[in-house]
Amino acid sequence: MQPSISVLVIEDELIWATQLNLSLERLGFVVTGSFDAIDTAIAALPKTEFDIALLDISIDGKNTGIELGKIIRTVYNKPIIFITGSLDKHTTDEALMAQPSAYLTKPVNDTSLFVAVQQALQNYSNNTVANIEINEPDYFFVKTGNRYKKILWKEIVCLCA
């Protein structure tokens, strides 16, 4: 069995959280945690396995998602994608300082979500290797039905045409 890409979702609005979780699962990703509050997300981080985090910027009317994104990026060394309904310049500027891998606006469509996650993981893995130029990733994705599976090159024994 090949490893799936695991996603952590932090979104305080039930309708958007449900839509994100369903979209991620439909696209073949595994949602390993979904939280609607910053404090519960922070408490769960040390014991939750995930490859990438999707965060709403405004949780409980404050831009606390940005601060949580900074923690996930620096402490847990994971890529982050911000999702927001707000398009004001101040929020955007503040979010960009957290160095997200992507910035999506609500409503998020499946194609944009899939591309953002794929590119975020690819770019983050390339940027986290210390000063080593990598031309090829150490994995690729295969579509099986309507799901995507992550396959590591090191696990490949033979490729046949």
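Attention here is on the structure that accompanies the text.

Reading guide: rules and limits
- Residues numbered from 1 in each chain as written.
- Predicted model: local features only at pLDDT ≥ 70, side-chain atom pairs only at ≥ 80, totals over all residues.
- Heavy atoms only, no water.
- Phe/Tyr/Trp six-rings, centres within 6.5 Å; stacked < 30°, edge-to-face > 60°.
- Lys NZ or Arg CZ within 6 Å of the ring centre and 35° of its normal.
- Salt bridge = Lys/Arg side-chain N within 4 Å of Asp/Glu carboxyl O.
- Helix = DSSP H or I, 4+ residues; strand = E, 2+ residues; numbered from the N terminus.
- Patch = residues over 30% accessible without salt bridge, like charges linked within 9 Å, V, L, I, M, F, W, Y side chains within 5 Å.
- Areas by Shrake-Rupley, 256 points an atom, 1.4 Å probe, with all protein chains shown as cover.
- Expected span 1.5 Å × (residues − 1).
- Buried < 20%, exposed > 50% of the residue type's maximum accessible area, 1.4 Å probe, protein only.
- Arc of directions from axis to C-beta.
- Pairing = 2+ DSSP bridges.
- Axes fitted to C-alpha atoms, helices over the stretch in contact; angles between N-to-C directions.
- Core = buried A, V, L, I, M, F, W, Y, C linked by side-chain atoms within 4.5 Å.
- Contact = heavy atoms within 4.5 Å.

Brief notes about the packing of aromatic side chains
Now for step 1: A full pass over the atoms with the stated rule returns one aromatic pair.
Now for step 2: Here Lys78 stacks its cationic end above the ring of Phe50, 5.6 Å away from the centre of that ring.

Re the pattern of salt bridges
Now for step 1: Across all of its chains, the model carries six salt bridges by this definition.
Now for step 2: The salt bridge involving Lys106 is made with Glu11; its shortest N-O contact spans 3.0 Å. Within this pair, whereas Lys106 is found in the loop between strand 5 (102-105) and helix 5 (110-128), its partner Glu11 is found in the loop between strand 1 (6-10) and helix 1 (14-26), the two being separated by 95 residues in sequence.
Now for step 3: Where Asp56 meets Lys106, a salt bridge forms, and the shortest distance between an N and an O atom there is 3.5 Å. Taken together, the residues Asp56 in strand 3 (residues 52-56) and Lys106 in the loop between strand 5 and helix 5 connect sequence positions 50 residues apart.
Now for step 4: One salt-bridge network, in which partners are shared between bridges, spans Glu11, Glu13, Asp56 and Lys106.

Focus on a nonpolar patch on the surface
Now for step 1: On the surface, Ile42, Ile71 and Val75 cluster together to form a nonpolar patch covering roughly 240 Å² of accessible area.
Now for step 2: Summarising the element assignment, Ile42 is placed in helix 2 (residues 38-44).

Comments concerning helix 1
Now for step 1: For helix 1, built from 13 residues, the straight-helix expectation of 18 Å at 1.5 Å per residue is met to within 8% by its first-to-last C-alpha distance of 18 Å.
Now for step 2: Among the residues of helix 1, Ala17, Leu20, Asn21, Ser23 and Leu24 are the ones counted as buried. Seen end-on, helix 1 carries its buried residues on one side only, within an arc spanning 165 degrees. Helix 1 presents Leu14 and Ile15 as exposed residues on the side facing more than 90 degrees away from its buried surface.

Quick look at the pairing of strand 4 (residues 80-84)
Now for step 1: The buried fraction of strand 4 is high, at five of five residues.
Now for step 2: Both faces of strand 4 are covered, namely the face carrying Ile80, Phe82 and Thr84 and the face carrying Ile81 and Ile83.
Now for step 3: Bridge count for strand 3 against strand 4 is four bridges, and the pairing is parallel. Note on strand 4: the bridge partner recorded for Leu55 is Phe82.
Now for step 4: Pairing of strand 4 with strand 5, which is carried by four bridges, proceeds in the parallel orientation. When the sheet's bridge partners are listed, Phe82 is paired in strand 5 with Tyr103.

A word on the sheet that holds strand 1
Now for step 1: One open sheet accounts for five strands, arranged 2-1-3-4-5; its pairing is parallel. Taken across any chain shown, the strands that pair with only one partner, and hence form the sheet edges, are strand 2 (30-35) and strand 5. Strand after strand, the sheet turns through a mean of 20 degrees between neighbouring axes, direction not considered.
Now for step 2: Judged from the five bridges that link them, strand 1 and strand 2 form a sheet pairing that is parallel. Pairing of Ser6 across the sheet is with Val30, part of strand 2.

Quick notes on the nonpolar core
Where a protein is soluble and globular, its nonpolar side chains tend to be buried together.
Now for step 1: With 22 residues, the main nonpolar core has Val7, Phe29, Leu54, Ile81, Leu113 and Val117 as its most contacted residues.
Now for step 2: The element that contributes the greatest number of residues to this core is helix 5, accounting for six residues.
Now for step 3: In this structure, Val117 is in contact with Ile5, Phe29, Ile52 and Ile81, ignoring residues within four places of it in sequence.
Now for step 4: Core analysis: the second largest hydrophobic core is formed by 19 residues, Ala44, Leu55, Ile59 and Ala95 among them.

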